[in-house]
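Notes for the structure review
Listed below, chain by chain, are the residues.
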Amino acid sequence: MSLSQPQLTDARLTLEGRVATLTLDRHDVRNALTGTALVDDIVAVADWVNACDEVSVLVITGAGSAFSAGGNVKDMAERGGDFAGDVAEVASRYRRGIQRIPLALQGVEVPIIAAVNGPAIGAGFDLANMADVRIASRKAKFGETFLNLGIIPGDGGAWFMQRLIGYQRAFELTLSGRVIDAEEAKAYGIVLEVTEPEALLERVGEMAGQMAAQPPKATRLTKRLMKMGSRMELPDFLDLCATFQGMCHNEPEHLEAVNAMLEKMARK
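1. Points about a nonpolar patch on the surface
On the surface, L147, Y167, F171 and L175 cluster together into a nonpolar patch covering about 410 Å² of accessible area. Considering the arrangement of structural elements, one finds Y167 in helix 7 (residues 167-176).

2. Section: the nonpolar core
In this structure, L58, I101, L105, V116, F142 and I190 are the most contacted members of the largest nonpolar core, which totals 51 residues. Considering every element that reaches this core, the biggest residue donor is helix 1 (residues 38-51), with eight residues. Each residue touching F142, except ones within four places of it in the same chain, is listed here: V116, A120, I121, F125, A136, R178, V179, I180, D181, A182, A185 and V191.

3. Digging into the sheet that holds strand 2 (residues 19-24)
If you walk across this open sheet you meet the six strands as 1-2-3-4-6-9, and the pairing is mixed. Across the chains shown, the open sheet's two edge strands, defined by having one partner strand only, are strand 1 (11-16) and strand 9 (193-195). Ignoring which end each strand starts from, the neighbouring axes of this sheet average 20° apart. The pairing of strand 4 (residues 112-116) with strand 6 (residues 133-137) spans four bridges and is parallel. Within the sheet, the bridge partner assigned to I113 lies in strand 6 and is V133.

4. Here's the deal with the pairing of strand 3 (residues 57-62)
A large share of strand 3 lies buried, amounting to six of its six residues. Of the two faces of strand 3, the one holding V57, V59 and T61 and the one holding L58, I60 and G62 are both buried throughout. Bridge count for strand 2 against strand 3 is six bridges, and the pairing is parallel. When the sheet's bridge partners are listed, L22 is paired in strand 3 with I60. In terms of handedness, the path from strand 2 via helix 1 over to strand 3 forms a crossover that is right-handed. Where strand 3 lies against strand 4, four bridges are found, and the strand directions are parallel. Looking at the pairing, V59 lines up with I113 of strand 4.

5. A short note on helix 11 (residues 234-249)
Residue pairs three or four apart in sequence face the same way in an α-helix, which turns once every 3.6 residues. In this model helix 11 runs 22 Å from its N-terminal to its C-terminal C-alpha over 16 residues, within 8% of the 22 Å that 1.5 Å per residue would give. Looking only at helix 11, the buried set comprises F237, L240, F244 and C248. Down the axis of helix 11, the smallest arc covering the buried residues is 85°, so these residues share one side. With respect to the buried face of helix 11, the exposed residues turned more than 90 degrees away are P235, D239 and A242. Next to the buried residues of helix 11 lie helix 10 (216-228) and helix 12 (252-266).

6. With respect to the sheet that holds strand 5 (residues 120-121)
Ordered by their spatial adjacency, three strands build an open sheet running 5-7-8, and the pairing between neighbours is mixed. For this open sheet the edge positions go to strand 5 and strand 8 (179-181), each flanked by a neighbour on one side alone. Two strands pair when backbone bridges link them, and strand 7 (residues 141-143) and strand 8 are joined in this way by three bridges, in the antiparallel orientation. By the bridge assignment, F142 is partnered in strand 8 with I180.

Calculation rules
Residues numbered from 1 in each chain as written. Predicted model: local features only at pLDDT ≥ 70, side-chain atom pairs only at ≥ 80, totals over all residues. Heavy atoms only, no water. Patch = residues over 30% accessible without salt bridge, like charges linked within 9 Å, V, L, I, M, F, W, Y side chains within 5 Å. Areas by Shrake-Rupley, 256 points an atom, 1.4 Å probe, with all protein chains shown as cover. Salt bridge = Lys/Arg side-chain N within 4 Å of Asp/Glu carboxyl O. Helix = DSSP H or I, 4+ residues; strand = E, 2+ residues; numbered from the N terminus. Core = buried A, V, L, I, M, F, W, Y, C linked by side-chain atoms within 4.5 Å. Buried < 20%, exposed > 50% of the residue type's maximum accessible area, 1.4 Å probe, protein only. Contact = heavy atoms within 4.5 Å. Pairing = 2+ DSSP bridges. Axes fitted to C-alpha atoms, helices over the stretch in contact; angles between N-to-C directions. Right-handed = clockwise from strand over helix to strand, strands pointing away. Expected span 1.5 Å × (residues − 1). Arc of directions from axis to C-beta.

Written out as structure tokens, the structure is:
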């Protein structure tokens, strides 16, 4: 189903060749996720992607020099904005605010690629880890820096990172609060590839294009299986696979793909 794009405040959205690109566009505050409308923008795009059949891949990147600086430190110092009030008020604001991002992105039905153009710090690091794949510019830096400010990863970062790189490495990065460069992030398995800054979007576009060229309904089902595989027992998972496979075999896109493969084989 084709849907009009959501109206965004602090981000830009484009759609080309089944690839939607969401660009965080508050470079004046290094794309901070608090004190801006970026939470609402990200959640709106996640909902739109799931409802729009014309999208097969979502790319998230940042405008300017940073991917995202995470929380607004000035607001923290002033006990203002998202960080004002007593315990109950702050907790409620987290639930109604930044915690909507992990819930929304975890439910996105298409592959998500983070094109990390610059520093991804705190909640910005966690945002990158919510993607399925991360490609980083050599200018990118990554830091789970919450403890440096006397706070915890309140956006779910501790849940995502240990699933990405294992408990021990995630524990060390979180408890030390140290910032690592793109090459170290690649060595840890946080990012898949590192590119020169000028080549980042081209490389991400190439990967996104390859994924977007796959049969779209099967792609969405495969993404769902990948997510479910980590939380289901094998017998139940195989039952689900059988049902999804039955759906695929009855889709026109399956027959089109098979015929295209047979034609390709015949030309060899």
